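# Structural description and commentary
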Amino acid sequence: FISNILRGSYVLYDTGKRTRDYVHLYDVVKVTMEAALTDKWVGIYNIGTGKSTKAEDLLHLLSDKRPVFKEKKEIEHSVFDISKARANGFDPFTFA
């Protein structure tokens, strides 16, 4: 999605209202490094923001261009349950 925006493609599927849990690379690297260097992170964790964000809202944060809407069947909404990671001290960086 973001690489498409950087290439100048502003295509959003359906109405742009579908949501995802857009995780920042910083969070993934932070938890991966901590997991590699300590025994604090044992098991399987969802790393995300714990919040849903509309693709259209993210596009507006990154660009002033108007999106082009196309039809495509996708999951309507997706957000991670990060409660286990939060209990381990994880506090995600967020876009909004």
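Before reading further, recall that the structure is shown in the block above.
Definitions and cut-offs
Residues numbered from 1 in each chain as written. Predicted model: local features only at pLDDT ≥ 70, side-chain atom pairs only at ≥ 80, totals over all residues. Heavy atoms only, no water. Core = buried A, V, L, I, M, F, W, Y, C linked by side-chain atoms within 4.5 Å. Buried < 20%, exposed > 50% of the residue type's maximum accessible area, 1.4 Å probe, protein only. Helix = DSSP H or I, 4+ residues; strand = E, 2+ residues; numbered from the N terminus. Contact = heavy atoms within 4.5 Å. Polar contact = N/O pair within 3.5 Å; in protein donor to acceptor, adjacent residues only side chain to side chain. Patch = residues over 30% accessible without salt bridge, like charges linked within 9 Å, V, L, I, M, F, W, Y side chains within 5 Å. Areas by Shrake-Rupley, 256 points an atom, 1.4 Å probe, with all protein chains shown as cover. Salt bridge = Lys/Arg side-chain N within 4 Å of Asp/Glu carboxyl O.

### A short note on the nonpolar core
- Ranked by size, the top nonpolar core spans seven residues in total: I5, Y10, L12, Y22, A55, L58 and L59.
- Ranked by residues supplied to this core, first place goes to helix 3 (residues 55–62) with three residues.
- In this structure, I5 is in contact with Y10, L59, L62 and S63, ignoring residues within four places of it in sequence.
- Residues W41, I47, I82 and A85 belong to the second largest nonpolar core, which totals six residues.

### Quick notes on the side chain of T49
- Tracing the sequence through the fold places T49 in the loop between helix 2 (25–37) and strand 3 (53–54).
- The class of T49 is buried, set by a relative accessible area of 5%.
- Here D21 takes part through its side chain, which lies 2.7 Å from a polar atom of the side chain of T49.
- Here K51 takes part through its backbone nitrogen, which lies 3.0 Å from a polar atom of the side chain of T49.

### Quick notes on a nonpolar patch on the surface
- Together, V23, L25, V28, V29, M33 and L37 line one region of the surface with nonpolar side chains, adding up to about 550 Å² of accessible area.
- Among the structural elements, V29 can be located in helix 2.
- You can call V29 partly exposed: its relative accessible area is 43%.

### Concerning the pattern of salt bridges
- Tallying each qualifying case throughout the model produces two salt bridges.
- For K40, the salt bridge goes to E34, with nearest N and O atoms at 3.3 Å.
- Taking the relative accessible area as the measure of exposure, K40 reaches 40% and is therefore partly exposed.
- For E34, a relative accessible area of 25% gives the class partly exposed.
- Salt-bridge contacts for R86 lead to D91; the nearest nitrogen and oxygen are separated by 4.0 Å.
- Here R86 falls in the partly exposed class, since its relative accessible area comes to 41%.

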